[in-house]
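Below are the chains, spelled out letter by letter.
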Amino acid sequence: MDTVFCPIDAYFADEISALLQPPPSAQAQAISLSHSLVQNYAYILPREVFNFFPFCKTQEYFDQLITTRGCTGLKVKQNGAHGKGVYADADFREGDLVLKDQMLAGSQHSANKIDCLVCSFCFRFIGTIEVQIGRKLYLQDLGVAANNECDRQTLAHIPKKTCQINSSDSEDDSYVKDPTSMEECASTSSKYGTPLPKEIVESLMTGELVLPYSKQFPLPSVISCLGGCREAFYCSQLCAEADWDLFHSLLCTGARSKSSDKEALLKFLQHANETNDIFLLAAKSTKSDLLLANFVDFLLQVVSFTILKYRKLKASYPEDQGKCTAGNCDLSLLSEAWKPVSMGYKIRWWECIALPDDVDSCDEAAFRMQIKELAFTSLQLLKAAIFDKECEPLFSLEIYGHIIGMFELNNLDLVVASPVEDYFLYIDDLPQSEKKEAERVTRPVLDALGDDYSICCQGSRGKRTTAHSQVVSGRCLADELAGCLKEDIRQYMFLESLNLTLNGTAFFPLQSCMNHSCHPNARAFKREEDRDGQATIVALRSISKGEEVTISYIDEDLPCEERQAMLADYGFRCRCQKCLEEEP
């Protein structure tokens with residue numbers, strides 16, 4: 001695969017090699033100064049000297065992350081067998097919270113943006129129950145959900161005033177003057193159910209129609225993007241400012257965007273959509289089953305994050321102002337800005353993806369070359385959109401491929417349970433007299449969402465169960481809770497099919513250091529109180545201090561042969577005790 005030539009790769013070969021240098025293994029840690037020595041005397045060492053101690057910086061980085069996460073019972077260590085690993089620094093009992101990890105970068109699935117309005121930074125649901133339902137029905141009526149796709153132009157059709165709803169604005173508890181008028185819906189059937197009149201849908205989005213008991217489920221107000229685009233919304237000014245400072249200022253298409261070329265940015269995204277078929281083919285062959293949009297969003301966030309961090313570091317080091325002229329890269333600053341990305345395990349994307357089942361092995365080289373060529377074309381468009389001369393090594397094909405490869409191998413599904421689901425279950429659990437009155441209004445809404453959904457909720461007394469599960473690399477972890485009723489499971493499966501839950505994909509710095517076991521002692525699982533996009537790791541059984549914390553990348557209940565075949569996509573053969581016992 002040498003026919004694709006990227007000039008940046010050749011010109012900045014040494015710089016790119018330095019950026020892609022992985023954290024050292026245990027065998028490579030023979031450095032002359034101990035971690036404690038560097039930690040105690042770093043203040044007297046020049047920044048250039050301190051950069052010669054990568055292991056110390058690696059350990060310091062993860063120690064600091066654990067401290068800021070408030071999970072002091074963990075330690076990231078290097079080991080000879082698997083590279084990095086996460087170890088218990090305290091005892092955990094079954095069900096204990098082991099880790100809550102904030103993502104480095106991540107995004108909501110494109111199609112899921114139709115169904116859930118969430119904060120673009122922390123991924124909490126925002127607006128009101130009415131806005132969530134009305135927005136979904138509005139886009140559903142446009143036929144967007146039927147096509148299973150979502151783009152900026154489609155979402156821009158939503159009236160502006162519907163995105164400015166304050167969840168505490170409405171003081172009128174009445175939900176409609178004449179609830180029975182809602183029953184006069186169009187009789188034309190659809191795959192979703194009986195459609196609501198347009199004016200009812202719009203009144204839900206504008207807040208003119210207040211559903212019964214919806215105030216029992218308050219949501220944060222909708223805050224607009226600082227740059228003026230209508231593609232990003234937030235739960236607070238704090239999240240809006242954080243996203244702007246870390247990522248969005250370079251990626252915004254609004255009037256106050258800091259993007260060097262907004263038209264080029266749109267062309268880059270358009271290319272991603274136009275080449276979706278081949279990238280989707282590649283994605284379907286992998287563990288994560290991701291759409292190209294998630295690859296693109298992650299790449300954009302990582303590159304923009306590094307550029308913005310580089311600029312801040314440059315401004316904070318006056319001694320560098322003379323040598324850091326426009327177009328002259330300071331590698332030490334760029335390495336520091338890149339550090340969060342450097343800690344992740346990376347392989348070139350077009351080399352690590354599994355060969356699709358319908359591609360013959362003799363065509364493998366051609367398939368991988370096609371992926372690489374499309375990636376190079378995409379890279380040129382990215383360069384036109386957010387290029388920074390001082391950070392030019394970031395726009396090399398080698399860096400591009402490793403960023404996507406890191407995401408491919410380490411991603412965790414982003415899951416946040418929907419308050420809309422909670423709302424309908426609350427209505428269903430009301431005393432019969434109150435329920436009957438409430439359903440005069442909610443029944444047409446249920447029918448509009450789908451007949452099966454309406455039937456599913458009818459008569460159920462179960463609580464939401466598995467909607468909080470989180471997924472490693474696109475594979476569901478075992479999610480069998482003791483005492484689950486069959487009705488609960490049936491209900492959950494249908495609610496999931498309606499995409500009421502937020503679904504996306506993200507890279508989490510600490511969670512990604514957790515190694516696999518087919519008999520794990522922990523798992524990614526969202527509890528009732530976990531209502532944002534953070535990764536939540538919970539102990540499956542008791543974990544002793546000093547024991548490695550492991551999770552399963554796959555369905556560990558599969559036969560050994562199938563597990564090993566799936567894990568081969570990650571580049572290793574599992575040698576855990578369970579596999580050793582089950583091997584023929």
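Residues numbered from 1 in each chain as written. Predicted model: local features only at pLDDT ≥ 70, side-chain atom pairs only at ≥ 80, totals over all residues. Heavy atoms only, no water.

If you check an unreviewed UniProt entry, the chain appears there as SET domain-containing protein from Rhododendron griersonianum.

Draft legend 1. Local environment of the pairing of strand β2 (residues 83-88). Within β2, 5 of the 6 residues are buried, leaving the element largely enclosed by the surrounding structure. Sheet analysis places strand β1 (residues 74-79) next to β2, joined by 6 bridges and oriented antiparallel. Opposite Leu74, over in β2, you have Ala88 as the bridge partner. (Buried < 20%, exposed > 50% of the residue type's maximum accessible area, 1.4 Å probe, protein only. Helix = DSSP H or I, 4+ residues; strand = E, 2+ residues; numbered from the N terminus. Pairing = 2+ DSSP bridges.)

Draft legend 2. Representation of the sheet that holds strand β13 (residues 535-539) within the structure. The 3 strands lie next to each other as β3-β13-β12, forming an open sheet whose pairing is antiparallel. In the strand order of this sheet, the two ends are held by β3 (97-101) and β12 (522-524), each with one partner. Each neighbouring strand pair of the sheet contributes to a mean axis angle of 20°, computed without reference to strand direction. In this structure, β12 lies alongside β13, joined through 3 bridges in antiparallel fashion. By the bridge assignment for β13, Ala522 is matched with Ala539. (Axes fitted to C-alpha atoms, helices over the stretch in contact; angles between N-to-C directions.)

Draft legend 3. Representation of the packing of aromatic side chains. In the structure shown here, the tally under the stated rule is 13 aromatic pairs. Ring centres 4.9 Å apart and planes at 75° place the aromatic pair Tyr11 and Phe12 in the edge-to-face group. For Phe12, a relative accessible area of 11% translates into the label buried. When the centroid spacing of 5.1 Å and the interplanar angle of 70° are considered together, the rings of Tyr61 and Phe62 count as edge-to-face. In terms of burial, Tyr61 and Phe62 fall into one category: buried. Taken together, the ring pairs connect Tyr213, Phe217, Tyr423, Phe424 and Tyr426 into an aromatic cluster. Just above the ring of Tyr87 sits the side chain of Lys77; from NZ or CZ to the centre is 5.3 Å. The ring of Phe387 carries the charged tip of Lys383 above its face, separated from the ring centre by 5.1 Å. (Phe/Tyr/Trp six-rings, centres within 6.5 Å; stacked < 30°, edge-to-face > 60°. Lys NZ or Arg CZ within 6 Å of the ring centre and 35° of its normal.)

Draft legend 4. Representation of the pattern of salt bridges within the structure. On inspection of all chains with the given rule, the structure shows 22 salt bridges. Ionic pairing is found between Arg527 and Asp530, a salt bridge with its closest N-O pair at 2.9 Å. Here Asp530 falls in the buried class, since its relative accessible area comes to 1%. Between Glu547 and Arg541 there is a salt bridge, with the nearest N and O atoms lying 3.6 Å from each other. Via salt bridges that share partners, Lys100, Arg527, Glu529 and Asp530 belong to a single interconnected network. (Salt bridge = Lys/Arg side-chain N within 4 Å of Asp/Glu carboxyl O.)

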